[in-house]
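Residue-level structural notes
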Amino acid sequence: MSEHELKALRVRIDSLDEKILELISDRARCAEEVARVKMAALAEGEVPVFYRPEREAQVLKRVMERNKGPLSNEEMARLFREVMSSCLALENPLKVAYLGPEGTFTQAAAMKHFGHAVISKPMAAIDEVFREVVAGAVNFGVVPVENSTEGAVNHTLDSFLEHDMVICGEVELRIHHHLLIGDNTKTDSITRIYSHAQSLAQCRKWLDAHYPNVERIAVASNAEAAKRVKGEWNSAAIAGDMAAGLYGLERLAEKIEDRPDNATRFLIIGNQEVPPTGDDKTSVIVSMSNRPGALHELLVPFHDNGIDLTRIETRPSRSGKWTYVFFIDFIGHHRDPLIKGVLEQISQEAVALKVLGSYPKAVL
Ligand SMILES: C=C(O[C@@H]1C=C(C(=O)O)C=C[C@H]1O)C(=O)O
């Protein structure tokens, strides 16, 4: 390509950027207007709701439907995600607590869901994320709930039994693990590998094949594992890109997870009910009395009404030994008439039924 051609293209890009800049500013001014209208419509004592996850899901879907390339739908939606995040921050920056420390996959999930224009607060444990939301210190919390290789995150499920929370959204994140080392690591003398127990489990076969005799040490988070490696010459960590970047570690081996489609699902917890978008999921907790056929009775109304169950998980209940509660996720919103009917039917048979929330299905 000639210098001349390159110059002409750059002039074109500069002119397009100017237009994009103007359009983004117009959009931001619109969001400011939305805030003004929302404030004006408030009844006395009413608290304004600036963040509307159902609206954001619709905006992102529309972008994906209309996108004609060459950028992929996901890439385009990611850009719009950040634009919306900045526009919302003009109205009112959200405070979001997540399972920390900095550099965890939960932080990456929080950024994927809310964009980067939020005030984020790392918490040391899942339960603390719940407490922070209950106390009103933050608007939302982000916690892991299940991994496609390792299954349920029990701490999160159990926290729902203890706190009254609304699930406002879900995020799915592809999880890639790397074997990370520091500047001082002697690669032929590695005697221990640090990581979170879930990540060690997700890389079990790879570790058996490559480091069968090296001690595996479970620590509180992948970020904590990465941090430890910095000060030791004989250790390595298993963690993701964010932790590697944060602690300046090098990848000795990349994408070492046993399953190439390894993914984790995270929940957004808050106090705000989310209206239907037409493409929603609902999560409920049900406890049944301990009698033959109880689980069958619970599932029949879903089957009879053709409702798609996406997940069912059993946890010990808090009310007695060998009694259980069921966590059930299904497609639909609890305000849909069909779903309403099913939940009424179930509550007649159940000892207790609690709707944890209805929320837009993950868009990205
Ligand atoms: C602008 C609004 O407020 C927020 C910002 C949005 C945006 O930038 O598109 C969308 C939903 C809200 O979270 C709105 O309610 O439409």
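Thresholds, definitions, all that
Residues numbered from 1 in each chain as written. Predicted model: local features only at pLDDT ≥ 70, side-chain atom pairs only at ≥ 80, totals over all residues. Heavy atoms only, no water. Pairing = 2+ DSSP bridges. Helix = DSSP H or I, 4+ residues; strand = E, 2+ residues; numbered from the N terminus. Axes fitted to C-alpha atoms, helices over the stretch in contact; angles between N-to-C directions. UniProt positions renumbered as here; feature names shortened; annotations may be inferred. Buried < 20%, exposed > 50% of the residue type's maximum accessible area, 1.4 Å probe, protein only. Polar contact = N/O pair within 3.5 Å; in protein donor to acceptor, adjacent residues only side chain to side chain. Core = buried A, V, L, I, M, F, W, Y, C linked by side-chain atoms within 4.5 Å. Contact = heavy atoms within 4.5 Å.

What follows is about the sheet that holds strand β7 (residues 192-195). Reading across the sheet, the 5 strands line up as β8-β7-β9-β6-β10 and stay open at both edges, with mixed pairing between neighbours. The outermost strands of the open sheet, each flanked by one partner alone, are β8 (215-218) and β10 (250-253). Taking the axes of each pair of neighbouring strands and ignoring which way they run, one obtains an average angle of 35 degrees across the sheet. As judged from the 3 bridges shared by strand β6 (residues 178-181) and strand β9 (residues 235-239), these two strands associate in the antiparallel manner.

Another point: the UniProt feature "site: Essential for prephenate dehydratase activity" (unreviewed entry) in the protein chain. Per the UniProt annotation, the sites labelled "site: Essential for prephenate dehydratase activity" (unreviewed entry) are Thr-264. You can see Thr-264 is positioned in strand β11 (residues 263-270). For Thr-264, a relative accessible area of 9% puts it in the buried group. Side-chain polar atoms of Thr-264 contact the side chain of Asn-147, separated by 2.9 Å.

This next bit is on the nonpolar core. Leu-94, Phe-114 and Val-142 are the most contacted members of the largest nonpolar core, which totals 24 residues. Take this core: its biggest share by element is 6 residues, from helix α4 (residues 105-114). In this structure, Leu-94 is in contact with Tyr-51, Leu-88, Phe-114, Val-118, Ile-119, Asn-139 and Phe-140, ignoring residues within four places of it in sequence. Leu-99, Ala-152, Phe-160 and Ile-269 belong to the second largest nonpolar core, which has 23 residues in total.

Mapped onto the present numbering, the UniProt feature "domain: Prephenate dehydratase" (unreviewed entry) falls on residues 95-271. As a span, residues 95-271 carries 32% helix and 33% strand, and end to end its C-alpha atoms are 13 Å apart.

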